[in-house]
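What follows is the residue order along each chain.
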Amino acid sequence: MSDIIHLLPDAVANQIAAGEVIQRPASAVKELLENALDAGATHIELIVKDAGKTLIQIIDNGSGMSDTDARLSFERHATSKINNANDLFCIRTMGFRGEALASIAAIAHVELKTKLHDAGLGTHIILEGSEVKSQQACQYSGGTSISIKNLFFNVPARRNFLKSDVQEANHILEEFYRVVLIHPTIAFTYHHNGKLIYQLEKSNLKQRIVNVFGKSYAERLIPIEQETNIAKFNGFIGKPEFARKTRGEQYFFVNKRFFKHPYLHHAVDNAFQELLPEKSFPSYFINFDIDPKEIDINIHPTKTEIKFQDEKTMYAMLRSVVKQSIGKFNIAPSIDFDLEQSLNLMPPPVNYEIKHPSVKINPGFNPFDDKNQRSYSPPKPTEREQHNIQNWEKLVNETKTAAVSFKYIPQEKQQNLDEELNANISKTINYSFFQLQNRFIVTTVKSGLIIIDQQSAHERILYEQFIETIEHHNGVSQQQLFPQTIVFSPSDSELLKDLKNEMALLGFDVNEFGLNTFIVNGIPANMADENIKHIIEGMLENFKKNLMSLKVDKKNNLALSMARNMAIKPGKVLMLEEMQNLIDRLFACKLPYQSPSGKKILISISLDELSEKFK
Ligand code: ADP
Ligand code: MG
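Definitions and cut-offs
- Residues numbered from 1 in each chain as written.
- Chains lettered and ligands numbered in written order.
- Predicted model: local features only at pLDDT ≥ 70, side-chain atom pairs only at ≥ 80, totals over all residues.
- Heavy atoms only, no water.
- Near = heavy atom within 4 Å.
- Polar contact = N/O pair within 3.5 Å; in protein donor to acceptor, adjacent residues only side chain to side chain.
- Nonpolar A, V, L, I, M, F, W, Y, C, P; charged D, E, K, R; others polar.
- Pairing = 2+ DSSP bridges.
- Helix = DSSP H or I, 4+ residues; strand = E, 2+ residues; numbered from the N terminus.
- Axes fitted to C-alpha atoms, helices over the stretch in contact; angles between N-to-C directions.
- Expected span 1.5 Å × (residues − 1).
- Buried < 20%, exposed > 50% of the residue type's maximum accessible area, 1.4 Å probe, protein only.
- Contact = heavy atoms within 4.5 Å.
- Left-handed = near helix turned anticlockwise from the far one by under 90°.

### Structural notes on the site of ligand 1
Part 1 of the reasoning: N35, T79, S80, K81 and G98 are the nearest of the 19 residues found near ligand 1.
Part 2 of the reasoning: Within the backbone of F96, an N or O atom sits 2.8 Å from an oxygen atom of ligand 1.
Part 3 of the reasoning: A distance of 3.3 Å is found between a nitrogen atom of ligand 1 and a side-chain nitrogen or oxygen belonging to T144.
Part 4 of the reasoning: Within the shell around ligand 1, the residues separate by chemical class into 6 nonpolar, 9 polar and 4 charged.

### With respect to the sheet that holds strand 19 (residues 477-487)
Part 1 of the reasoning: In spatial order, the strands read 19-21-20; together these 3 strands make up an open sheet with antiparallel pairing. Single-partner strands in this sheet number two, and they are strand 19 and strand 20 (509-512). If you compare each strand with its neighbour and ignore which way they point, the axes differ by 15 degrees on average.
Part 2 of the reasoning: Bridging between strand 19 and strand 21 (residues 517-524) involves 7 bridges; their strand directions are antiparallel. The residue bridging Q484 from the neighbouring strand is V520, located in strand 21.

### Let's talk about helix 16 (residues 554-566)
Part 1 of the reasoning: Helix length check: helix 16, at 13 residues, gives a terminal C-alpha distance of 18 Å against a target of 18 Å (1.5 Å per residue), a fit within 8%.
Part 2 of the reasoning: Here helix 16 has its buried residues at N556, N557, L558, A559, L560, S561, M562, A563 and R564.

### Regarding the environment of K115
Part 1 of the reasoning: Topologically, K115 is positioned in strand 3 (residues 109-115).
Part 2 of the reasoning: Other than its neighbours up to four places away in sequence, K115 contacts S63, G64, M65, G120, L121, G122, Y140, S141, G142 and G143.
Part 3 of the reasoning: Separated by 2.7 Å, the side chain of K115 and the backbone oxygen of A119 make a polar contact.

### Describing the packing of helix 14 (residues 490-506) against helix 16
Part 1 of the reasoning: Running from amino to carboxyl end, helix 14 crosses helix 16 at an angle of 65 degrees, the nearest separation of the two axes being 10 Å. In this structure, helix 14 meets helix 16 at a crossing whose hand is right-handed. Where helix 14 abuts helix 16, its residues D498, L499, E502, M503, L505 and L506 lie against K554, K555, L558 and M562.
Part 2 of the reasoning: A breakdown of the residues in the contact of helix 14 with helix 16 according to their chemical character gives 6 nonpolar, no polar and 4 charged.

This is the structure we're talking about:
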């Protein structure tokens, strides 16, 4: 029998290699972004058409290539990043296997323009299925532009295997995140089908995360910073209360390379342990800076699996680092009467007219005359005060029955109404308020003090207002003079599509406008239109959170999420009239004692309790 073994032609070998390296358009995006990073670019543009099926183009301002290098770069095992096998153990670049460009060229139409910064002319190469169609000198600014057209044109099986454009575009977005998140000092833009999806300026890690995932992330992140003799950890973890129901933002990087590691993931999960509701996932963005000798990147063609020399130690360190950060930064601010700081009133705002306190003297007061003291009666309430007292009385009675029919608040959170407090409030209303720490409104009643949580109070007011609007379909939309186009994260987009009709009842006029992109034509009439994206994102985030913790239907959840999002926050300075208005509106609510998510809105401290403290 004659010999039957022969060497495969390069083009075929490359196609086979491509099967491993380039599985879908997103893999090409990953490889090309990594090449731009390795070339030292500080500005990288990604342009995609039809989820990468028609075009993927990356333009970078990196080193560029010489004519010969440009031609060589498409050969298999052609790399400028390692010279010998030993170099495999000190890799700091993203690429080193020299197969990405060869693989891509084997299965697509490729056009490359590149120029070294100090060269006169650049090079323009056109390839089709590994074959060089032309190479010419060209005018080009320094750096590289590479276009991949008709991916898998000669591998129909692969092409048919591709998912819908929406899914493939999501894969691309995910690869984009994996690169941009850990390279905050590099500017990126991303256009899909002619639309600008991201424009990320040079920034720091936190700012980059916020720019990618939305402003609401600014308050959710807890920093991680720890140096050990083996590795340096840095990055952020999401506060436990913002954990997601779907495995979402979980990013490990080693020396700025994204990787997956179920075992180390478990270490983070374990650190969060009891802090998370069941079936929810913490967010994390953690980079390990480690001597390349300690890791093996070369165990998988796509280099997303990394082997650490000592995985057990890494596990223990990571778990402890995450635990420490949670412990250090997650202490909920609480008002503590033993601490002097609770008396640190924030300075009043500029232009705030300071009124001198006045002292009301009871001329009939005699500390030794018990009888006389009791007979002192406060000045007669004005008409307005009288009206408010009636409100309170009405409320006190209504609350008792309404609380029972208020089904979706978890049973354990139902507050027992403080009978004594009710009695006090209904008797004495006093319009002297002050704001404590720009967070609580303090007012006095006959038998002591009432402290109202401004955020919870406002949340209750808005919630009841939104429920009313939804139920009576009387939401008024204020049409935008300049409709805004807003891009949301893929998961938020899905949710938004699902909630569109309910949101319309509140007055939102939002329409889908391409991939993860929406156009906002109108917003609820009484809503400020300054930061619509922020408002909608925050609302969606609350909605997702509620799905986990409360059993509420869509409409209630929407009202609840909007209320939570739009309620005044701690830190907001309130004028006297605003405090009064807030309290008046609170009293007009069906359930003025409990926020829609089940928190207490007000507490009372009786004179007896106060006296106790002075013993
Ligand atoms: P690897 O990145 O593993 O070296 P690639 O096939 O991705 O292999 O790239 C081959 C070579 O082409 C790289 O080593 C690099 O020298 C050069 N190269 C690729 N892309 C660029 C770019 N955007 N700018 C400069 N050089 C590049
Ligand atoms: Mg590469």
